[in-house]
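This is what each chain is made of:
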Amino acid sequence: MQTFTAKVAVITGAGSGLGREFALLGAKLGMRLVLADVNQEGLQQTSQDAAALGAEVLSQLCDVRHGEQLESLSQAALQRFGVVHVVFNNAGVGAGGLVWESTQQDWEWVLGVNLWGVIHGVRVFTPLMLASAKADPNFEGHIINTASMAGLLTPPAMGIYNVSKHAVVALSETLYHDLSLVETRIGVSVLCPYFVPTGISHSDSTRPTDVKPDSAPTRSQKVSQAMLEKAVSAGKVSAAEVAQITFDAIRARQFYIYSHPQALGNVERRMQDILHASNPSDPYEQAPKLREQLRAGLIGE
């Protein structure tokens, strides 16, 4: 896909962070936009800003945990624009803490958004894109699933998030192979950002009541939250820069997309551990101060 003019993009999690930047860049490139989020205020602001850039915008509140809401979004997109070319399965939330301290509500919320949101997006939109490709020999499509470097690594005190993002990477790789069997005009990418200043460290503010925990956060959850917020806010690569990297990757039909390729050394060490059946390497080997800070916080030193 070399041009985005008049192409229709569906973007979940469009009210903030990467989703907002995908929308604004898409608007600048002449795309028609279908924007979704659970945060009405953020969604409205992104929609207004994209429209001010000249984009035709359809916005709809959508909790990606629920497949019927993605189906409603797809039908609204087809009714308005008649076709979908690009899908950003981007909505995501963050949670941390020692893995055994995570509540059932924590698991249901994070997996519901980060994994089931992508599952529903793939399940709902891929058949629509395949139908468009069958009907139009000039159709080009692309699906971008937002994972994380945490989908390639296993840092401590991030268990739920790690699990959700590893699953998104596996789902995306399988989707890539499956589509290559039946339709080569629909590309797939998995986006693996590292620490980028977005609203993910404050995602608990939009957590639905049905998955709010019954108990107060544990020490490990508080420590993990504080470290995440510090790391994200200190990120040197902006969400706008990641959006540009992503659109460039769509043009190049590039599958793996990284915001911080320098972090791939840790991925290589993990792969070597797997290949040689070694015990997992310390993900903080090159940043021992972070490990000590985390350990001190967990044991109350």
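Going by the structure above, here's the rest.
Predicted model only: the values in this text are computed from it and were never measured.

Let's shift gears to the packing of helix H4 (residues 104-135) against helix H5 (residues 159-182). Here H4 crosses H5 at 10 degrees, and the two axes come no closer than 9 Å. As the angle between them shows, H4 and H5 are arranged roughly parallel. The two elements H4 and H5 meet at a crossing, and its hand is right-handed. For the pair H4 and H5, the contacting residues are Asp106, Trp107, Val110, Leu111, Asn114, Leu115, Val118, Ile119, Val122, Thr126 and Leu130 in the first and Gly159, Ile160, Tyr161, Val163, Ser164, Lys165, Ala167, Val168, Leu171, Leu175, Leu179 and Val182 in the second. Here the contact of H4 with H5 is built from residues that sort into 17 nonpolar, 4 polar and 2 charged.

This part takes up the packing of helix H1 (residues 17-28) against helix H2 (residues 40-52). Each packed pair of helices is defined by two parameters, the angle between the axes and the distance between the axes. Where H1 meets H2, the axes come as close as 9 Å, and the angle between the chain directions of the two elements is 15 degrees. By the criterion of interaxial angle, the relationship of H1 to H2 is roughly parallel. The hand of the H1/H2 crossing is right-handed. Contact residues: Arg20, Ala23, Leu24 and Ala27 in H1; Gln45, Thr46, Asp49 and Ala50 in H2. Here the residues of the contact of H1 with H2 sort into 4 nonpolar, 2 polar and 2 charged.

Definitions and cut-offs
- Here, residues in each chain are numbered from 1, in the same order as that chain's written sequence.
- Local features in this predicted model are restricted to residues whose pLDDT is 70 or higher, and side-chain atom pairs enter the listing and the counts only when it is 80 or higher, whereas totals over whole chains, interfaces and linings include all residues.
- Each side-chain value is worked out from all heavy atoms of the structure, with water and hydrogens disregarded.
- For helices, the fitted line uses only the C-alpha atoms of the stretch in contact; every axis is such a line through C-alpha atoms, and the angle between N-to-C directions lies from 0 to 180 degrees.
- Secondary structure elements are defined from DSSP: runs of H or I of at least 4 residues count as helices, runs of E of at least 2 residues count as strands, and each element is numbered from the N terminus.
- When an angle is under 35 degrees it counts as roughly parallel; over 145 it counts as roughly antiparallel; between 65 and 115 it counts as roughly perpendicular; any other value is oblique.
- Handedness of a crossing follows from how the near helix is turned relative to the far one, being left-handed for an anticlockwise turn of less than a right angle and right-handed for a clockwise one.
- Contacts are assigned to residue pairs that have any heavy atoms within 4.5 Å of one another.
- Side-chain classes follow a simple rule in which Ala, Val, Leu, Ile, Met, Phe, Trp, Tyr, Cys and Pro form the nonpolar group, Asp, Glu, Lys and Arg form the charged group, and the remainder, Gly included, forms the polar group.

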